[in-house]
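# Overview (structure and organization)
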Amino acid sequence: MENSKDNQQVVRRFFDAFNLKDEKIMDEVISSDYFDYGHQPPGRGPSGAKDDYREFVGGFKDARFEIDDLIVADDRVVARWTCSGTHTGDFIGIPATGKKVTVLGISMYRLRDGKIVETRNSADVLGMLVQLGAVSLPGMKAEKAA
């Protein structure tokens, strides 16, 4: 059985990679057989996790993740989080807007031998895209260019 306290610390360390802008932490916490269900197709391994890290940090250099709740059960850790940052670089094909965003999400991690082997994420990507001005929803007033 996995040590729940240790697993909690591994997930906190994963968030440290983003908050400290330290890609080396990914090597500490991501397993060689890592599988991410948040992509189409799922999978992508540790190199995919690093690609995601680089893209995110490249787009939001000042981003900060706050863990709002952390629930641990055996080999699973669920984190409810809030991320805030300024869109200062290209992100998912959207050039820098200089806009500040706040995104809410929930991530579930499965761990083995002190490393993350599986991730499932649910984040308010639509809300982020609206905040960036990349999409608008019916009934929304268009934001005037600064």
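Residues numbered from 1 in each chain as written. Predicted model: local features only at pLDDT ≥ 70, side-chain atom pairs only at ≥ 80, totals over all residues. Heavy atoms only, no water.

## Digging into a nonpolar patch on the surface
Formally: Residues enter a patch when their relative accessible area is above 30% and they make no salt bridge; the linking distance is 9 Å between like charges and 5 Å between nonpolar side chains (Val, Leu, Ile, Met, Phe, Trp, Tyr). Residue exposure ignores everything except the shown protein chains as possible cover, and the areas themselves are Shrake-Rupley values with a 1.4 Å probe. In the sections that follow, a salt bridge refers to a side-chain nitrogen of Lys or Arg positioned within 4 Å of a carboxyl oxygen of Asp or Glu. Under the DSSP-based scheme used, a helix requires at least four consecutive residues in state H or I and a strand at least two consecutive residues in state E, with every element numbered from the N terminus.
A cluster of nonpolar side chains, Leu 126, Val 135, Leu 137 and Met 140, forms an exposed patch at the surface whose accessible area comes to about 300 Å². Within the fold, Leu 126 resides in helix H4 (residues 125-132).

## Overview of the environment of Tyr 53
For clarity, the cut-off: The contact criterion used is simple: two residues touch if any of their non-hydrogen atoms lie within 4.5 Å. A 3.5 Å cut-off defines polar contacts: any pair of N or O atoms within that distance qualifies, except that in protein one atom must be a possible hydrogen donor and the other a possible acceptor, and neighbouring residues in sequence count only when both atoms are side-chain atoms.
Within the fold, Tyr 53 resides in helix H3 (residues 45-59). Here the alpha-carbon distance between Tyr 53 and Asp 36, two residues 17 residues apart in the chain, equals 13 Å. Once residues within four sequence positions are removed from consideration, Tyr 53 is found in contact with Ala 17, Phe 18, Lys 21, Asp 22, Glu 23 and Met 26. From its side chain, Tyr 53 meets the backbone oxygen of Lys 21 in a polar contact 3.4 Å long.

## Brief notes about the side chain of Ser 31
For the record, the criterion: Three labels apply to residues, based on accessible area from a 1.4 Å probe with only protein chains included: buried if under 20% of the type maximum, exposed if over 50%, partly exposed otherwise in between.
For Ser 31, the location among the structural elements is in strand S1 (residues 30-36). For Ser 31, a relative accessible area of 6% gives the class buried. Ignoring any residue separated from it by four or fewer positions in sequence, one finds Ser 31 in contact with Pro 46, Arg 112, Lys 115, Ile 116 and Val 117.

## Description of the packing of aromatic side chains
To be explicit about the condition: Aromatic contacts are taken between Phe, Tyr and Trp rings whose centres are within 6.5 Å, Trp giving its six-membered ring; a plane angle under 30 degrees counts as stacked, one over 60 as edge-to-face, and the others as tilted.
Applying the stated criterion to the full structure yields 14 aromatic pairs. Centroid distance Phe 14 to Phe 15: 6.0 Å. Interplanar angle 80°. Geometry classified as edge-to-face. Neither Phe 14 nor Phe 15 differs from the other in exposure class; each is buried. By the ring-pair criterion, three or more aromatic residues cluster together here, those being Phe 14, Phe 15, Phe 18, Tyr 53, Phe 56, Phe 60, Phe 65, Trp 81, Phe 91 and Tyr 109.

Structural measurements only, silent on function.
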